[in-house]
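# Architecture at a glance
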Amino acid sequence: QVQLVESGGGLVQAGGSLRLSCAASGRTINAYTMGWFRQAPGKEREFVGSLSWSSARTSYADSVKGRFTISRDNAKNTVDLQMNSLKPEDSAIYYCAAAHLKSIRVGVDYWGQGTQVTVSS
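All values reported here derive from a predicted model rather than from experimental measurement.

### Thoughts on the sheet that holds strand S3 (residues 18–25)
- Taken in spatial order, the four strands make up an open sheet running S1-S3-S8-S7, and their pairing is antiparallel. With one partner strand each, in any of the chains shown, strand S1 (3–7) and strand S7 (68–73) form the two edges of the open sheet. Strand-to-strand twist across the sheet, computed as the mean angle between neighbouring axes with direction ignored, equals 15°.
- As defined by bridge partners, S3 adjoins strand S8 (residues 78–83) across six bridges and the pair is classed as antiparallel. Residue pairing across strands places cysteine 22 opposite valine 79, the latter belonging to S8.

Put into structure tokens, the structure is as follows:
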């Protein structure tokens, strides 16, 4: 079992930045693709971005490409999401996710509890 705990959410003005962190425990995340999803009120959960176990491959949703960056520290068992140039439409609950030995878009094995991000206009 892997437990994921997000932190760093909050309220920010449009154009600002936030950095979300995800701390994993229970198992090392070395063999996991790690990623972030988000869910806005009344909408389905959507993929934001992912990072392979070796950090060699990244993938981002078109809506965040060039503004968001995912990084990971396998030694610390953490994954971060740096969000720049935030827009009101980025407001959502952000979830950390882990997928073992597969693409995170194929299936998620573990979810965090989520952290709220609100971007004011």
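### Quick word on the environment of alanine 92
- Among the structural elements, alanine 92 can be located in strand S9 (residues 92–100).
- A relative accessible area of 2% places alanine 92 in the buried class.
- Spatially, the C-alpha atom of alanine 92 lies 9.4 Å from that of arginine 45, the residues being 47 residues apart in sequence.
- Discounting chain neighbours no more than four positions away, the residues touching alanine 92 are Arg38, Gln39, Ala40, Thr115, Gln116 and Val117.

### Section: the pattern of salt bridges
- With the rule as written, the count across this model stands at six salt bridges.
- Across the pair arginine 38 and glutamate 46 runs a salt bridge, and its minimum N-O distance is 2.6 Å.
- Given the relative accessible area of 6%, arginine 38 is considered buried.
- Across the pair aspartate 90 and arginine 38 runs a salt bridge whose closest N-O atoms are separated by 2.9 Å. Of this pair, aspartate 90 sits in the loop between S8 and S9 while arginine 38 sits in strand S4 (residues 32–39), and the two are 52 residues apart along the sequence.
- Given a relative accessible area of 0%, aspartate 90 falls into the buried group.
- Residues participating in the shared-partner salt-bridge network are Arg38, Glu46, Arg67 and Asp90.

### Digging into the pairing of S4
- Counted residue by residue, S4 has seven buried out of eight residues, so it is predominantly covered.
- By the bridge criterion, eight bridges tie S4 to S9 in an arrangement that is antiparallel. Bridge pairing in S9 links threonine 33 to alanine 99.
- Summarising the sheet, S4 and strand S5 (residues 46–51) pair through five bridges and their orientation is antiparallel. Within S5, the residue paired with tryptophan 36 across the bridge is glycine 49.
- Taking the residues between adjacent antiparallel strands as the criterion, S4 and S5 are bridged by six residues, where glycine 42 takes a positive phi near 80°.

### Some points on the pairing of S8
- For S8, the buried fraction is high: five of the six residues fall into the buried class.
- Bridge count between S7 and S8: six bridges; the pairing is antiparallel. Paired with serine 71 across the strands is aspartate 80, a residue of S8.
- Joining the antiparallel neighbours S7 and S8 is a turn of four residues, in which asparagine 77 adopts a positive phi near 60°.

The rules behind these values
Residues numbered from 1 in each chain as written. Predicted model: local features only at pLDDT ≥ 70, side-chain atom pairs only at ≥ 80, totals over all residues. Heavy atoms only, no water. Pairing = 2+ DSSP bridges. Helix = DSSP H or I, 4+ residues; strand = E, 2+ residues; numbered from the N terminus. Axes fitted to C-alpha atoms, helices over the stretch in contact; angles between N-to-C directions. Buried < 20%, exposed > 50% of the residue type's maximum accessible area, 1.4 Å probe, protein only. Contact = heavy atoms within 4.5 Å. Salt bridge = Lys/Arg side-chain N within 4 Å of Asp/Glu carboxyl O.

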